[in-house]
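Chain and residue survey
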Amino acid sequence: MEIHAYEKFWLAAALLLIVGFIATVSYGAVGAGVEMIADDGGTVDPQALDEHPKFSDPGVYESGPNEYDVYVVAQQFAFRPGTAEPIRVPADSTVTFHVTSADVIHGFEVVGTNGNTMAIPGQVATFTVEVGGPKEYGLLCNEYCGSAHHAMEGSMEVVPKDEFNATGGA
Ligand SMILES: [Cu+2]
């Protein structure tokens, strides 16, 4: 059977594309360090966050050498902390976020890092971000949560270690 040269070329190009697409999907699934948020953050009563040992006073808690826990409450239309005042963490540390919502479903993304989750009332989403040198990161809600969703944002400041200690952290 005679196959025209152009037909061979397009067959080869189509096969290459398929292999390329499979490679990018595989890389995205296992190579890029992307992880789903597990359900091991536990549950919480969204009506009684003010009785919770940490969510009643959300903020940055030291949990070990260079390790910090950050408790964040998302609600229409702000992150506590994050929106009214930035989340401040020291440079070169491991930061574990514990995020929940007090009302409806929100998103919580630390822009420019691997940190991104839904904030669901009654659920605590937990994920860890390694921060390097001093830098400011944006925080975004990326689940439509109401009329001022587009304005729901905040910031996280990675500050030099001595500066963090000087202000006493959270
Ligand atoms: Cu929103």
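The structure contained in this document is the topic of the report that follows. What you are looking at is a predicted structure, and each value in this text was computed from that prediction instead of being measured. (Residues numbered from 1 in each chain as written. Predicted model: local features only at pLDDT ≥ 70, side-chain atom pairs only at ≥ 80, totals over all residues. Heavy atoms only, no water.)

A word on the coordination of the copper ion
Geometry reference: four tetrahedral donors at a metal, ideal angle 109.5 degrees. Six octahedral donors, ideal angles 90 or 180 degrees. We apply this condition: With water excluded from the atoms, a metal site may look incomplete; its donors are any N, O or S atoms within 2.8 Å, or within 3.2 Å for Na, K and Ca. A site with four donors is called tetrahedral when every donor-metal-donor angle falls between 85 and 135 degrees; four donors are called square planar, and six octahedral, when opposite donors sit more than 155 degrees apart and all other angles fall between 65 and 115; any other arrangement is irregular. Categorising residues by exposure relies on relative accessible area from a 1.4 Å probe, with only protein chains included: less than 20% of the type maximum marks a residue as buried, more than 50% marks it as exposed, and the intermediate range marks it as partly exposed.
The copper ion binds to the protein through Cys141 (SG), Glu143 (O), Cys145 (SG) and His149 (ND1); the donor distances cover 1.9 to 2.7 Å. Each of the four donor atoms around the copper ion contributes to a set of angles spanning 84 to 123°, which defines the coordination as irregular. Residue classification places Glu143 among the partly exposed positions, given a relative accessible area of 26%. For His149, a relative accessible area of 16% translates into the label buried.

Focus: the pattern of salt bridges
To be explicit about the condition: Any Lys or Arg side-chain nitrogen located within 4 Å of an Asp or Glu carboxyl oxygen qualifies as a salt bridge. Counting from the N terminus, the helices are the DSSP runs of H or I reaching at least four residues and the strands are the DSSP runs of E reaching at least two.
In the structure shown here, the tally under the stated rule is two salt bridges. Glu157 is paired through a salt bridge with Arg88; the nearest N and O atoms lie 3.5 Å apart. Placement of Glu157 in strand β10 (residues 153-159) and of Arg88 in strand β4 (residues 87-90) is noted, with a sequence separation of 69 residues between them. Relative accessible area serves as the criterion here: at 24%, Glu157 is assigned to the partly exposed category. The residue Arg88 makes a salt bridge to Glu163 at a minimum N-O spacing of 3.3 Å.

A look at the environment of Arg80
Threshold: Whether two residues are in contact is decided by their heavy atoms: any pair within 4.5 Å suffices. The definition of a polar contact used here is a pair of N or O atoms within 3.5 Å, where within protein one atom must be able to donate a hydrogen and the other to accept one, and adjacent residues in sequence count solely through side-chain atom pairs.
The residue Arg80 is located in strand β3 (residues 78-80) in this model. A relative accessible area of 38% means that Arg80 is categorised as partly exposed. Distance in space between the C-alpha atoms of Arg80 and Pro58 is 6.5 Å, their sequence separation being 22 residues. Once residues lying within four places of it in the same chain are set aside, the contact partners of Arg80 are Pro58, Tyr71, Val72, Val73 and Gln75. In terms of polar contacts, Arg80 uses its side chain to reach the side chain of Gln75, at 3.0 Å.

Things to note about the pairing of strand β2 (residues 67-75)
Worth spelling out the cut-off: Strand pairing is defined by DSSP finding a minimum of two bridges between the two strands.
In terms of burial, β2 is a largely internal element, seven of the nine residues being buried. Bridge analysis of strand β1 (residues 60-64) against β2 gives four bridges, and the strand direction is antiparallel. Within β2, the residue paired with Tyr61 across the bridge is Asp69. For β2 and strand β5 (residues 93-101), the ladder comprises eight bridges, and the chain directions are parallel. Looking across to β5, one finds that Tyr68 is bridged to Val95. Where β2 and β3 come together, three bridges link them in antiparallel fashion. Paired with Ala74 across the two strands is Phe79, which belongs to β3.

Some points on the nonpolar core
To keep it simple, the criterion reads: For this analysis, a nonpolar core means a set of buried residues of the types Ala, Val, Leu, Ile, Met, Phe, Trp, Tyr and Cys, connected via side-chain atoms within 4.5 Å.
In terms of nonpolar packing, the biggest core is built from 27 residues, with Ile87, Val89, Phe97, Phe108 and Met156 touching the most fellow members. Of all the elements in the fold, those that place two or more residues in this core are β2, β4, β5, β6 (106-110), β8 (125-131), β9 (135-140) and β10. Per-element tally for this core: the top contributor is β2, with four residues. The residues contacting Phe97, other than those within four sequence positions of it, are Val70, Val72, Ile87, Phe108, Val110, Ala125, Thr126, Phe127, Val129 and Met156. Of all hydrophobic cores here, the second largest spans six residues; its members include Val44, Leu49, Tyr71 and Val124.

So, the layout of surface pockets
Note the following rule: Each cavity reported here is a set of points on a 1 Å grid over the protein atoms alone in which a 1.4 Å probe fits but cannot get out, each pocket an open set with protein on both sides within 12 Å along at least five of seven lines, and each lining residue one with an atom within 4 Å of a point. Grid points are joined across faces, edges and corners, and a volume is the space filled by probe spheres set on the points. When residue character is reported, Ala, Val, Leu, Ile, Met, Phe, Trp, Tyr, Cys and Pro are called nonpolar, Asp, Glu, Lys and Arg charged, and the others, Gly included, polar.
Of the volumes computed, that of the largest pocket is approximately 300 Å³. Examining the composition of the lining of the largest pocket, we find that three residues originate from one element, β8, more than from any other. Of the residues assigned to the lining of the largest pocket, the class counts are five nonpolar, six polar and two charged.

Keep in mind these values describe shape, not function.
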